[in-house]
Amino acid sequence: MRLILLGPPGAGKGTQAQRLVQKYGLVQLSTGEMLRAAVAAETPVGLQAKDVMASGSLVPDEIVIGIISDRLDQPDMKNGFILDGFPRTVPQAAALDELLKKKHIKLDAVVELRVNESALLDRVETRVAEMRARGEEVRIDDTPEVLSKRLANYRTLTEPLIHYYSERRKLLTVDGMMTIEHVTREINRILAAIGAVEPKVVSAKKAVGAARKTAKPAGKKVAKTAKKAAKAAPKGKKTTSSKAGRVTGAGRKAAPAAKGRAAGTAKKAAKKAVRKASKKVTKKRAKR
Ligand code: AMP
């Protein structure tokens, strides 16, 4: 799976990226982290980036594009990756498209964490306080003044990417104001809906149970028919419990494919049988 996480500073991109790394074994490519490492190691790139980063401005496109291009060539990329903090400008996005095309890599989706700007300052202040409490070094660009500049840069330079990826039907938007847990769940749900990850599985046995419940009002006969149909359904096939909900762009395009894969499942067969049997019961009643 290859993803981009998009959102302003403090939206929770890093936290969610970590969770995706844990769950799907992806590699997190954070240009901010890479640049901070370069600054700490005093490499030529680090020396060039140091003051720019401290002021809250963006490092020149060529530098970050070069870093990402080199990184994509590393062997650990084969399991997939999450780009966090890159691309940040339209020229960076266009360069990434070119790079991916040249390297025959397909981007699955761009997940935008949409947040309320007024909450971001609070979030960053909390993050700084927590880091201080843990005795960790605090980023020099995590001050209210620099954050305001980073937010302004996001609005003018990065936000146009929402339109860029929406036009390319890659954009999935998640409400980043929910709790961390909820955001994670929502990301997993939409990734399953577009078929980028395995959907949550439900056994055929559970599907029969569900069919029985639905069948109850129509009588025992219906439940029996549902059970038969579920047995007759192809073995080993799983059914999804995820709802294809607020999915836009890539989701709308890919969701039918994901649904298609789940076709022919026990749940479907059971539901069909329930409908058929219900019709029979209604007809009989009508005759009487
Ligand atoms: P981040 O950790 O993503 O907030 O990035 C910290 C800083 O690194 C940013 O404020 C920029 O100065 C620089 N930076 C990170 N990613 C990029 C990028 N894609 N383009 C330009 N500058 C970047």
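Residues numbered from 1 in each chain as written. Predicted model: local features only at pLDDT ≥ 70, side-chain atom pairs only at ≥ 80, totals over all residues. Heavy atoms only, no water.

**What about the overall build of the protein chain?**
Then, number 1: A tally of helices and strands in the protein chain yields 13 helices and seven strands.
Then, number 2: Counting only residues that meet the buried cut, the protein chain has 42% of its 288 residues in that class.
Then, number 3: Sequence separation of 24 or more characterises 77% of the internal contacts of the protein chain that already satisfy a separation of 6 or more.
Then, number 4: For the protein chain, the accessible surface area stands at approximately 16600 Å², while carbon and sulfur atoms represent 55% of it. (Helix = DSSP H or I, 4+ residues; strand = E, 2+ residues; numbered from the N terminus. Buried < 20%, exposed > 50% of the residue type's maximum accessible area, 1.4 Å probe, protein only. Contact = heavy atoms within 4.5 Å. Areas by Shrake-Rupley, 256 points an atom, 1.4 Å probe, with all protein chains shown as cover.)

**Here we look at the nonpolar core**
Then, number 1: Core analysis: the biggest nonpolar cluster contains 32 residues, and Leu96 and Tyr165 have the highest contact counts within it.
Then, number 2: Going through the elements one at a time, β1 (2–6), β2 (27–30), α3 (44–55), α4 (61–72), β3 (81–84), α5 (90–102) and α8 (160–167) are the ones with two or more residues in this core.
Then, number 3: Looking at this core, the element that brings in the most residues is α4, giving six residues.
Then, number 4: Ignoring sequence-local partners within four residues, the contact set of Leu96 consists of Ile4, Ile68, Leu72, Leu83, Phe86, Pro87 and Tyr165.
Then, number 5: Of all hydrophobic cores here, the second largest spans 26 residues; its members include Leu120, Val124, Leu191 and Ala192. (Core = buried A, V, L, I, M, F, W, Y, C linked by side-chain atoms within 4.5 Å.)

**Examining the packing of α5 against α8**
Then, number 1: One way to put it is that α5 packs onto α8 with a least axis distance of 9 Å and a crossing angle of 35°. Every residue of α8 that contacts α5 at Val90, Ala93, Ala94, Leu96 and Asp97 is listed here: Pro160, Leu161, Tyr164 and Tyr165.
Then, number 2: For the contact of α5 with α8, the residue count by class is eight nonpolar, no polar and one charged. (Axes fitted to C-alpha atoms, helices over the stretch in contact; angles between N-to-C directions. Nonpolar A, V, L, I, M, F, W, Y, C, P; charged D, E, K, R; others polar.)

**Brief notes about the side chain of Asp108**
Then, number 1: Structurally, Asp108 is set in the loop between α5 and β4 (109–114).
Then, number 2: Here Arg2 takes part through its backbone nitrogen, which lies 2.7 Å from a polar atom of the side chain of Asp108. (Polar contact = N/O pair within 3.5 Å; in protein donor to acceptor, adjacent residues only side chain to side chain.)

**Things to note about the site of the ligand**
Then, number 1: Thr31, Ser57, Gly85, Arg88 and Gln92 are the nearest of the 16 residues found near the ligand.
Then, number 2: Contacts to the ligand include Gln92, whose side-chain N or O atom sits 2.9 Å from a nitrogen atom.
Then, number 3: The protein chains hide 96% of the 480 Å² of surface that the ligand would expose on its own.
Then, number 4: Per element, the largest residue contribution to the shell around the ligand is four residues, and it comes from helix α2 (residues 31–41).
Then, number 5: Among the residues making up the shell around the ligand, the classes are represented as six nonpolar, five polar and five charged. (Near = heavy atom within 4 Å.)

**Describing the side chain of Thr158**
Then, number 1: Considering the arrangement of structural elements, one finds Thr158 in helix α7 (residues 144–158).
Then, number 2: Setting aside anything within four residues of it in sequence, one finds Thr158 in contact with Leu6, Pro87, Arg88 and Asn153.

**Concerning unusual backbone geometry**
Then, number 1: Along the chain, Phe86 connects to Pro87 via a cis peptide bond; the corresponding omega equals -5°.
Then, number 2: Along the chain, the position of Pro87 falls in the loop between β3 and α5.
Then, number 3: The backbone phi angle of Glu42 is positive, close to 55°, even though this residue is not glycine.
Then, number 4: For Glu42, a relative accessible area of 58% gives the class exposed.
Then, number 5: In this model, His104 sits at a positive phi of 55°, which is unusual for a non-glycine residue.

**Some words on the pattern of salt bridges**
Then, number 1: Counted by the stated rule, this structure contains 15 salt bridges.
Then, number 2: Measuring nitrogen to oxygen at the nearest pair gives 3.2 Å for the salt bridge that ties Arg36 to Glu33. Highlighted residues: Arg36 and Glu33, both in helix α2, separated by three residues, approximately one helical turn.
Then, number 3: Classification of Arg36 by relative accessible area gives partly exposed; the value is 25%.
Then, number 4: Relative accessible area serves as the criterion here: at 47%, Glu33 is assigned to the partly exposed category.
Then, number 5: For Glu112, the salt bridge identified is with Arg114, shortest N-O distance 3.1 Å.
Then, number 6: One connected set of salt bridges, linked through shared partners, spans Arg127, Arg139, Asp141, Asp142 and Arg150. (Salt bridge = Lys/Arg side-chain N within 4 Å of Asp/Glu carboxyl O.)

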